[in-house]
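# Breakdown of the fold
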Amino acid sequence: MNSLYDKVKKNLIWKSVFRRDYRDNARSRAMAIFGNVFLHLHPVKVRESAVKLRYTWGMGGITFLAFIILTITGVVLMFYYHPTVDLAYLDMKDLEFQAPYGVISRNLHRWAAHFMVIVVMIHMFRVFMTGSYKAPRQFNWGIGVILLVLTFLLSFTGYLLPWDQLGFWAITVGTNMGAATPLLGFQGPFSEYLHITPYNDVRFALLGGASVGGNALLRSYIWHCIAIPLISIILMFVHFWRVRKDGGISRPQH
Amino acid sequence: MNPFIEIITQPDNIAIVIMIVMVTFFTLWGFQQAFQNDKLKASGYAVDGELDKDVDTFKPLVRIELIISLVVMLFLTIWSIWVDAPLEEIANPTITPNPAKAPWYFLGLQELLVYFDPWLAGVVLPTLIVVGLLAIPYIDINPKGNGYYTFEERKYAIVIFAFGFFILWLLLIVIGVFDRGPGWLWYWPWEEWDHQRVVFEPTRDLTQVIGIESRSIPGFIIGAIVVIGYYVAGMLLPLRHWRKNNPELLAQLGMIRYNLIMFLFVTMMSVPIKMVLRLVFLVKYVWITPWFNV
Ligand code: HEM
Ligand code: HEM
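As the structure is a computational prediction, the values presented were derived from the model and not from experiment.

The next point concerns the coordination of the iron atom of ligand 1. Residue and element names in this part refer to chain A. Ligation of the iron atom of ligand 1 by protein atoms is provided by His109 (NE2) and His224 (NE2), these donors lying 1.9 to 2.0 Å from the ion. Bound by six donor atoms, the iron atom of ligand 1 shows angles of 88 to 178° at the metal and therefore octahedral coordination geometry. Of this pair, histidine 109 sits in helix H8 (residues 102–129) while histidine 224 sits in helix H12 (residues 214–245), and the two are 115 residues apart along the sequence. A single burial state applies to histidine 109 and to histidine 224, both of which are buried.

The structure is reproduced here in structure tokens:
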């Protein structure tokens with residue numbers, strides 16, 4: 001046993017990856033955190049409240065995990081997916097009948113998407129219930145609200161991509177609201193004074209057309225797979241950074 | 001199949017069932033801790049977390065993160081093996097499904113379309129929800145209850161937030177998913193949908209209740225008085241009340257905060273008010289103008 005341990009650990013390759021041996025002392029435990037890019041999102045020491053499940057419910061972390069799962073499964077789906085009216089739906093059928101693990105990839109992506117929307121709302125509820133938006137965390141609550149909106153938009157833009165009746169009409173119903181925007185939507189109040197028509201209003205900008213079609217599919221795809229994930233990642237890192245800079249997970253103030 | 005089982009086991013609706021279970025669980029857990037802390041405080045003890053010390057991140061936190069991650073991934077994997085993502089017929093702009101529903105998390109807003117015109121339900125109210133959420137830390141100046149669960153010390157904030165979150169957001173979503181069928185008519189989950197059913201519900205405008213044509217000049221003026229009067233009264237009456245009973249609070253808030261809070265609150269309450277007007281009194285519009293209707 002020991003010689004196997006030595007074989008695995010006492011060689012150049014292992015040592016180049018893991019710089020130090022782990023021993024159970026304070027220095028080693030600290031090193032384990034800041035010697036690792038990913039773990040080092042954390043401080044070396046945290047308040048107990050950050051560890052107690054009953055306080056945070058782990059909901060922020062679970063939201064982030066759902067996002068990571070969505071990114072991984074989303075990239076897998078991108079290999080099989082063409083954002084065109086002719087091919088999108090057929091690609092779904094290919095995922096179902098041809099692509100290896102296509103069904104489970106798509107299932108995981110869809111259920112993790114629903115799951116992320118659920119847990120981000122519960123995370124917001126927990127932050128509210130513990131009063132964690134109060135000073136000094138006001139700004140981080142604001143970042144959170146934007147992340148909430150982005151989560152809805154990610155799920156919304158993804159919904160159109162299979163190009164089936166469900167997504168098509170859900171997006172039609174949703175974007176029709178754009179046409180009702182006051183001043184800027186052609187059915188909205190006061191828009192006639194700005195000479196707004198179905199061809200230059202908010203909905204047109206969202207869809208790249210007066211109705212849901214090929215341009216809308218392409219726009220959805222780019223927002224969904226590139227633009228919104230990029231913006232979300234940046235804001236998530238600001239969010240995590242601020243959790244630390246605002247003094248770690250909130251705790252009773254004296 | 002039994003329509004009730006059928007509707008709650010539709011692939012997408014399973015997520016809603018999971019949401020109901022999770023939200024119920026965490027709500028109970030949160031309030032249980034709130035009441036427990038209130039009891040501790042009332043008898044002079046420290047609330048949960050007050051005596052916490054620092055602990056190492058490695059391993060306690062990393063361990064619990066790993067365990068939760070595994071549990072969540074296992075849960076999602078089982079869910080994905082068990083239920084297949086739906087795929088309907090290929091998109092066809094010439095066949096409109098009835099009902100055509102928005103994605104589930106927007107069904108609360110779609111439900112508002114029964115009570116408000118699209119520019120309000122689909123644009124103005126969602127914008128105000130986001131603005132209101134962003135404003136919360138700046139308008140809630142109560143310094144208590146920061147960093148622990150409590151109900152006693154933040155009653156008003158919690159009741160108002162809970163009303164918005166549970167009733168106006170989550171309950172309307174659940175109604176939209178389970179109780180809305182063809183023609184956006186109400187169906188209990190155990191009822192069969194009937195595509196032939198039409199309901200003729202003669203609605204009227206508020207001024208027509210007292211016999212004044214809503215599209216006339218007097219109707220316009222009365223409607224304007226009602227809508228503007230609702231906002232003015234909603235914002236002035238609490239002001240008078242607080243001036244008399246709690247002037248310190250008012251001074252602390254300041255006029256900008258006070259106005260923002262009351263504007264958001266009065267707007268939020270207009271939602272249940274319009275629902276009652278529509279459902280109980282069959283009133284469609286309160287105020288008809290040449291540009292928009294409220
Ligand atoms: C970087 C991250 C992501 C990438 C690259 C990605 C990519 C994709 C692709 C290629 C599709 C089309 C395949 C399909 O429809 O099955 C899709 C669908 C979808 N995505 Fe994503 N996605 C990402 C993140 C997200 C997130 C964060 C959410 C939700 C919060 C989400 C929600 C959805 C939904 C609801 C669908 C429709 C699923 C279905 O067809 O059953 N995605 N995504
Ligand atoms: C994609 C969305 C989000 C992610 C990935 C995320 C992630 C996290 C994580 C990991 C934490 C650490 C503590 C915990 O797990 O509770 C946290 C804390 C926090 N989040 Fe979020 N969050 C998101 C959305 C939101 C939203 C919607 C809000 C509020 C509207 C919010 C407000 C906060 C605040 C104020 C804290 C500090 C809490 C404290 O110190 O107790 N976040 N977030």
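Below, the discussion takes up the coordination of the iron atom of ligand 2. All names here are of chain A. Within the protein, the atoms that donate to the iron atom of ligand 2 are His123 (NE2) and His239 (NE2), at distances of 2.0 to 2.1 Å. If you look at the iron atom of ligand 2, its six donor atoms make angles of 87 to 179° with each other, and the shape they trace is octahedral. Of the two residues, histidine 123 sits in helix H8 while histidine 239 sits in helix H12, which places them 116 residues apart along the sequence. Just as histidine 123 is buried, histidine 239 falls in that class too.

In this section: helix H8 (residues 217–245) of chain B. Residue and element names in this part refer to chain B. The end-to-end C-alpha distance of H8 is 41 Å, a good match for the 42 Å that 29 residues give at a rise of 1.5 Å each. The largest bend in H8 amounts to roughly 25° and is located at glycine 229. Taken together, the buried positions of H8 are Gly219, Gly223, Ala224, Val227, Gly234, Met235 and Leu239. On its buried face, H8 sits against helix H7 (206–209) and helix H9 (247–281).

Further remarks concern unusual backbone geometry. The step from alanine 135 of chain A to proline 136 of chain A runs through a cis peptide bond, and the omega angle for that step is 5°. Within the secondary structure layout, proline 136 of chain A lies in the loop between H8 and helix H9 (138–160). Between phenylalanine 58 of chain B and lysine 59 of chain B the backbone carries a cis peptide bond, its omega angle lying at 10°. Tracing the sequence through the fold places lysine 59 of chain B in helix H3 (residues 57–82). Notably, phenylalanine 190 of chain A is not glycine yet its phi reads approximately 70°, a positive angle. Among the structural elements, phenylalanine 190 of chain A can be located in the loop between helix H10 (165–176) and helix H11 (202–207).

Reading the values: the criteria
- Residues numbered from 1 in each chain as written.
- Chains lettered and ligands numbered in written order.
- Predicted model: local features only at pLDDT ≥ 70, side-chain atom pairs only at ≥ 80, totals over all residues.
- Heavy atoms only, no water.
- Donors = N, O, S within 2.8 Å, 3.2 Å for Na, K, Ca; no water.
- Tetrahedral: all angles 85-135°; square planar, octahedral: opposite > 155°, others 65-115°.
- Helix = DSSP H or I, 4+ residues; strand = E, 2+ residues; numbered from the N terminus.
- Buried < 20%, exposed > 50% of the residue type's maximum accessible area, 1.4 Å probe, protein only.
- Expected span 1.5 Å × (residues − 1).
- Bend = angle between axes of the 7 residues up to and from the residue.
- Contact = heavy atoms within 4.5 Å.

Keep in mind these numbers describe shape, not what the thing actually does.
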